[in-house]
Amino acid sequence: MAHPMGESETGVLRVSFDRRLKLEFHGSQITSDGGLLSFRELDDALGLTDLAGEHLVDPRTGKNGQHGMIGLFRQSTFGRLGGYEDVNDADRLGHDPAMRWIVGGGAVSRQAASASQMGRFETEFLATDDNIVALANLSGQWIDRVHNRKPPKDVVLDMDSSVSPTHGDQEGTAYNGHFGCSCYHPLFLFNHMGDLERCRLRPGNVHSADGWRDVLVPVVERYKERQVRIYFRGDAAFALPDLYEYLEAEGILYAIRLPANKVLQESIARLLRRPVGRPPKHVQRFHASFSYQAGSWDRKRRVVAKVEWHPGELYPRVGFIVTNLSRPAERVVAFYNHRGTAEQYIKEGKNAIKWTRLSCRKFRNNEVRLQLHALAYNLANFMRTLALPKEVEHWSLTTIREKLVKIGAKVVAHGRYVTFQMAEVAVPRALFRDILERIDRLRRPTPATA
């Protein structure tokens, strides 16, 4: 049987194009994920996985557990950062030197958890009612740790739903006509820095705004305790009277896209007539602001309209936004347009963290997996916003994984030290040192916490 880390048992391999080359496999002494050590340093500086250990409940009653909850949690979260979104990879990762040092404890000298151990951790240990609640709250608690270092005065919350395709007879799967597939329909809430504040897994056939209270209210309560001014943005799926009333009652400023109707169109009839004169070669853009009350609303609210005449198009592009902002209409539209960054964050979660990989049979287990993906996403985003130098701060999470995480390293053990000899390709020594120095500065208490 082949070694789980691919180590050669029969000698070297040879290639034909140049016989001078020999190939040897030393999986337990070489890692392709040396850059994960910088994420472990960030984790240690902020105390993130230790915080998880304070809230997760270990359901095991015996004393013979080989791996503790924190170690299992680190392996699960950091494995997703490295692109190993399935526990099937755990047998090999358990021997990987970078992962063993990340997990810590006995894994350093022996090995991290196996695939069967990780499977039990994610589908049994974390799938209890208490731990599912703890995982859902953990993203917000991590973000609070970050904000303790750099408290924000304002926060903009963007809510959006997405699709996670399902296969076979998974619990909660349903056909969604909008996405054109059988799927789950998770709900996400981001802040303007790209952190995922909270998420919830839902069956595939629910409305896009279904369960918005369960996601939004806990986040609002956290920020109210910190006395932070809150803004909210959402697309037309969140144009709900109950949501308006809640936001207004909490003193939250919002901008939500409003589906067009005949009354709204008549309110801006003058802007829907083609401008007089020869059509220009650039977009003509007009704005309007007026009061409007739908039949289901308890009061009149401000609506901002944007009308765009594009060259070569017969009809204008029209959009409406309901808002309680007092700023000029052009600025309201500009504020709302930044909501598109939430869609970009969702794409990064899909591409870099693979959070659509929800392949368990039970819905509860997939809830756990989504929350673990969310935490891995946040750790990666913390690295981007807190530790990346200016010349690389534009990196996407996919680029961060491919360049920063995927650093090959050879491990050399000495009497008192273990050295990771890092490959200097996409991330040179000077850049890596700068990242570690920025992380080290996070350990210093801010005036507010000193």
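Everything below is about the structure shown above.
Not measured: the values here are computed from a predicted model.

**Quick look at the packing of helix H12 (residues 340–353) against helix H13 (residues 363–387)**
- Taken N-terminus to C-terminus, the directions of H12 and H13 make an angle of 105°; their axes are 11 Å apart at the nearest point. As the angle between them shows, H12 and H13 are arranged roughly perpendicular. Mapping the contact onto sequence places Tyr-345, Glu-348, Gly-349 and Ile-353 in H12 and His-373, Ala-376, Tyr-377 and Arg-384 in H13.
- Split by residue class, the contact of H12 with H13 holds four nonpolar, two polar and two charged.

**A closer look at the sheet that holds strand S14 (residues 317–323)**
- The eight strands are arranged S9-S8-S4-S10-S11-S14-S13-S12 in an open sheet whose pairing can be described as mixed. The sheet is open, and its two borders are formed by strand S9 (196–200) and strand S12 (284–292), each paired with just one other strand. Going from strand to strand, the sheet's axes swing by 20° on average, the running direction of each strand aside.
- Here strand S4 (residues 154–161) pairs with strand S8 (residues 187–191) via five bridges, running antiparallel. In the sheet register, Asp-158 faces S8, and the bridge partner there is Phe-190.
- Running over the sheet, helix H9 (residues 241–249) touches strand S10 (229–234), strand S11 (253–258), strand S13 (301–309) and S14 and is turned about 165° from S11.
- Relative to the sheet, H13 contacts S8 and S9, its axis offset from that of S9 by approximately 165°.

**Thoughts on empty space enclosed by the protein**
- Across all of its chains, the model carries two cavities of 30 Å³ or more by this definition.
- Taken together, Gln-75, Ser-76, Gly-79, Arg-80, Tyr-84, Asp-86, Val-87, Ala-90, Leu-93, Met-118 and Glu-122 make up the full set of residues lining the largest cavity.
- Broken down by secondary-structure element, the contributors of at least two residues to the lining of the largest cavity are helix H3 (69–81), helix H4 (90–93) and helix H6 (115–125).
- Per-element accounting of the lining of the largest cavity gives the leading share, four residues, to H3.
- The class makeup of the residues in the lining of the largest cavity is five nonpolar, three polar and three charged.
- Approximately 40 Å³ is the volume found for the second largest cavity.
- Together, Phe-39, Leu-81, Ala-352, Ile-353, Ala-380, Leu-397, Ile-400, Arg-401 and Val-405 line the second largest cavity.
- In terms of residue count, helix H14 (residues 397–405) provides more of the lining of the second largest cavity than any other element does, four residues in total.
- Partitioned by chemical class, the residues of the lining of the second largest cavity number eight nonpolar, no polar and one charged.

**Digging into the nonpolar core**
- Counting 117 residues, the largest nonpolar core has Phe-39, Phe-73, Leu-216, Phe-232, Ile-256, Leu-258 and Leu-404 as its most contacted members.
- Excluding residues that lie within four positions of it along the chain, Leu-258 makes contacts with Ala-239, Tyr-244, Leu-264, Tyr-292, Trp-297, Val-303, Phe-320, Ile-321 and Val-322.
- Ranked by size, the runner-up nonpolar core spans eleven residues in total, among them Ala-255, Val-304, Ile-321 and Leu-325.

**Some details on the pairing of S11**
- One ladder, built from four bridges, connects S10 with S11; its direction is parallel. Each residue of the ladder has a partner; that of Phe-232, found in S11, is Tyr-254.
- At this point the chain moves from S10, through H9, to the parallel S11, and the crossover so formed is right-handed.
- In this sheet, S14 lies alongside S11 in antiparallel orientation, the contact comprising four bridges. When the sheet's bridge partners are listed, Leu-258 is paired in S14 with Phe-320.

**Comments concerning the side chain of Glu-197**
- Summarising the element assignment, Glu-197 is placed in strand S9.
- Side-chain polar atoms of Glu-197 contact the side chain of Arg-222, separated by 2.9 Å.
- Once you skip the residues sitting within four places of it in the chain, Glu-197 turns out to touch Ser-139, Gly-140, Ile-143, Leu-157, Leu-189, Phe-190, Asn-191, Val-219, Arg-222 and Tyr-223.

**Comments concerning the sheet that holds strand S6 (residues 174–176)**
- The antiparallel open sheet is built from three strands, whose spatial order is S5-S7-S6. The outermost strands of the open sheet, each flanked by one partner alone, are strand S5 (164–165) and S6.
- As paired strands, S5 and strand S7 (residues 181–184) are joined by two bridges and run antiparallel to one another. Bridging across to S7, Pro-165 finds its partner in Cys-183.

**A few points about the packing of aromatic side chains**
- Within this structure, the stated rule accounts for 13 aromatic pairs.
- Taking the centre distance of 6.0 Å and the plane angle of 75° together, the rings of Phe-190 and Tyr-377 count as edge-to-face. Of this pair, Phe-190 sits in strand S8 while Tyr-377 sits in helix H13; the two residues are 187 residues apart in sequence, bridging distant segments of the chain.
- Look at Tyr-244 and Tyr-254: their rings are 5.9 Å apart centre to centre, the planes differ by 10°, and that puts the pair in the stacked class. With Tyr-244 in helix H9 and Tyr-254 in strand S11, the pair connects residues that are ten residues apart, well separated along the chain.
- Taking relative accessible area as the criterion, Tyr-254 reaches 0% and is therefore assigned buried.
- Among the aromatic side chains, those forming a connected cluster through ring pairs are Phe-188, Phe-190, Tyr-345, Trp-355 and Tyr-377.
- Above the ring of Trp-297, the side-chain terminus of Arg-301 is found at 5.4 Å from the ring centroid.
- The ring of Phe-335 carries Arg-327 above its face, with NZ or CZ at 5.2 Å from the centroid.

**A few points about H3**
- With 13 residues, H3 should reach 18 Å at 1.5 Å per residue; the first-to-last C-alpha distance of 18 Å fits that figure.
- H3 sits mainly inside the fold: twelve of its 13 residues count as buried.
- The complete set of buried residues in H3 reads Met-69, Gly-71, Leu-72, Phe-73, Arg-74, Gln-75, Ser-76, Thr-77, Phe-78, Gly-79, Arg-80 and Leu-81.

**Some details on the pairing of strand S15 (residues 409–413)**
- When strand S3 (residues 30–31) meets S15, the two strands line up antiparallel, connected through two bridges. Each bridged residue has a counterpart across the sheet, and for Ile-30 the counterpart in S15 is Lys-410.
- Taking the residues between adjacent antiparallel strands as the criterion, S15 and strand S16 (residues 418–422) are bridged by four residues.

Parameters at a glance
Residues numbered from 1 in each chain as written. Predicted model: local features only at pLDDT ≥ 70, side-chain atom pairs only at ≥ 80, totals over all residues. Heavy atoms only, no water. Axes fitted to C-alpha atoms, helices over the stretch in contact; angles between N-to-C directions. Helix = DSSP H or I, 4+ residues; strand = E, 2+ residues; numbered from the N terminus. Parallel < 35°, antiparallel > 145°, perpendicular 65-115°, else oblique. Contact = heavy atoms within 4.5 Å. Nonpolar A, V, L, I, M, F, W, Y, C, P; charged D, E, K, R; others polar. Pairing = 2+ DSSP bridges. 1 Å grid on protein atoms, 1.4 Å probe; cavity = no way out; pocket = protein on both sides within 12 Å on 5 of 7 lines; lining within 4 Å. Points joined across faces, edges and corners; volume = space filled by probe spheres on them. Core = buried A, V, L, I, M, F, W, Y, C linked by side-chain atoms within 4.5 Å. Buried < 20%, exposed > 50% of the residue type's maximum accessible area, 1.4 Å probe, protein only. Right-handed = clockwise from strand over helix to strand, strands pointing away. Polar contact = N/O pair within 3.5 Å; in protein donor to acceptor, adjacent residues only side chain to side chain. Phe/Tyr/Trp six-rings, centres within 6.5 Å; stacked < 30°, edge-to-face > 60°. Lys NZ or Arg CZ within 6 Å of the ring centre and 35° of its normal. Expected span 1.5 Å × (residues − 1).

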